[in-house]
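Reading the structure
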Amino acid sequence: MTRLSVIIPAKNEAAALVELLPRVRAVLPEAEIVVVDDGSTDDTRLICTEAGVRCLSSPYSMGNGAAIKRGARAASGEVLAFMDGDGQHDPADVRRLIARLDEGFDMVVGARDWGSQAGVGRGVANTFYNWLASRMTGHVVEDLTSGFRVVRATRFREFLHLLPNGFSYPTTSTMAFFRSAYGVAYEPIKAAQRVGKSHIKPFKDGIRFLLIIFKIATLYSPLKLFAPVSFAFLLLGCLNYLYTYLSYGRLTNGSTLMWSASVIVFLIGLISEQITALTYRRDD
């Protein structure tokens, strides 16, 4: 196996790490294991020491995405495997994901089924996110928010500057890989119930995920976002003009404003397309 680094972000996940780290070591004895302690106040560092695992500690919590970035910079492997520190992911699945990399893919994501979702609300939300991301990218996105994935290290590090410090690094990295024409595959997995309490707040982080999807859409393919909005303003302007012409026999300011908005939004989309091209430009 190509040199492998397993990166596990953890914030107060000592209860799960006690069992998880020995399992990772047993299943992947040749792998480098890096636990990124995101300002934990429990025994995370002690448990890593006892397990003989490298631990990168932060003096305060910087966010899940920040932990991922720190781990990716510090890891020495050619292949990076990311998995949560809460016990949801099975280390035995890592080899299946790596096998798909050998088929020519650059990222392989562990895709959860409905039974692995943390509640009906989260399941419905993730289904919507997957549908929306698929529409934005033009590719089938089976699990946009899964944190269980393996990637080629050189490819992943190209996008570290785009990754947010919060919980949405899977969203950003997936769409960035699609935008850069790097192969992305999905491998079905079963996720267990997490140990302890989730750090995600469904409503607050749900809105955040949605905003990030639109933010990344402007980096991925802005016209797919701006063109429909532009067309909507154009159509509304025409309908308003038809109504006012038939009712009053004249053109009103409302129609003119909506037509102007249509042109402005479309031009912003064109400019965003140029910015996107510059963002992903590589000077090798």
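The preceding data block contains the structure.
The following refers to the structure shown. Predicted model, so just to flag it, every value in this text is computed and none were measured. (Residues numbered from 1 in each chain as written. Predicted model: local features only at pLDDT ≥ 70, side-chain atom pairs only at ≥ 80, totals over all residues. Heavy atoms only, no water.)

This paragraph deals with the environment of Ser-76. One can find Ser-76 in the loop between helix H3 (64-74) and strand S4 (79-82). Under the relative-accessibility criterion, Ser-76 is labelled partly exposed at 47%. Sequence separation between Ser-76 and Leu-4 is 72 residues, and the spatial gap between their C-alpha atoms is 8.0 Å. Setting aside residues no more than four positions away along its own chain, Ser-76 makes contact with Arg-3, Ser-5 and Glu-32. (Helix = DSSP H or I, 4+ residues; strand = E, 2+ residues; numbered from the N terminus. Buried < 20%, exposed > 50% of the residue type's maximum accessible area, 1.4 Å probe, protein only. Contact = heavy atoms within 4.5 Å.)

Okay, helix H7 (residues 169-179) next. Among the 11 residues of H7, 10 are classified as buried, and the element is accordingly described as predominantly covered. Burial in H7 covers these residues: Tyr-169, Pro-170, Thr-171, Thr-172, Ser-173, Thr-174, Met-175, Ala-176, Phe-177 and Phe-178. Positive phi shows up at Ala-181, right after H7, with a value of about 60 degrees.

So, on to the nonpolar core. Counting residues in hydrophobic clusters, the biggest one holds 37 residues, and the most contacted among them are Leu-80, Phe-82, Phe-156, Phe-177, Val-184 and Tyr-186. It is H7 that provides the largest number of residues to this core, a total of 5 residues. If sequence neighbours within four positions are ignored, Val-184 has contacts with Phe-105, Met-107, Val-109, Phe-177 and Phe-178. With 28 residues, the next largest nonpolar core counts Leu-17, Ala-81, Val-150 and Ile-189 among its residues. (Core = buried A, V, L, I, M, F, W, Y, C linked by side-chain atoms within 4.5 Å.)

Under the counting rule described, the total for this entry stands at 11 salt bridges. Across the pair Arg-23 and Asp-90 runs a salt bridge, and its minimum N-O distance is 3.2 Å. Highlighted residues: Arg-23 in helix H1 (residues 14-27) and Asp-90 in the loop between S4 and helix H4 (94-101), separated in sequence by 67 residues. Given a relative accessible area of 36%, Arg-23 falls into the partly exposed group. Residue classification places Asp-90 among the partly exposed positions, given a relative accessible area of 29%. Among the salt bridges present, the one from Asp-93 reaches Arg-96, with a minimum N-O distance of 3.1 Å. (Salt bridge = Lys/Arg side-chain N within 4 Å of Asp/Glu carboxyl O.)

What follows covers the sheet that holds strand S2 (residues 32-37). Reading across from one edge, S3-S2-S1-S4-S6-S5-S7 is the order of the 7 strands in this open sheet, with mixed pairing throughout. Two strands lie at the open edges of the sheet, namely strand S3 (54-57) and strand S7 (184-189), each paired on one side alone. Each strand of the sheet is rotated relative to its neighbour by a mean of 25 degrees, with strand direction disregarded. Sheet analysis places strand S5 (residues 107-112) next to S7, joined by 6 bridges and oriented parallel. Note that in S7 the partner of Gly-110 across the bridge is Glu-187. Strands strand S1 (4-10), S4, S5, strand S6 (149-152) and S7 of the sheet are contacted by H4, whose axis makes an angle of about 155 degrees with S7. (Pairing = 2+ DSSP bridges. Axes fitted to C-alpha atoms, helices over the stretch in contact; angles between N-to-C directions.)

What follows concerns the side chain of His-89. Mapped onto the secondary structure, His-89 falls in the loop between S4 and H4. When residues no more than four places from it in sequence are discounted, the contact partners of His-89 are Leu-20, Arg-23, Met-83, Asp-84, Gly-147 and Phe-148.

The buried count for S5 comes to 6 of 6 residues, which makes it a mostly enclosed element. Both S5 and S6 contribute to a ladder of 3 bridges, which runs antiparallel. Bridge pairing in S6 places Val-109 opposite Arg-149.

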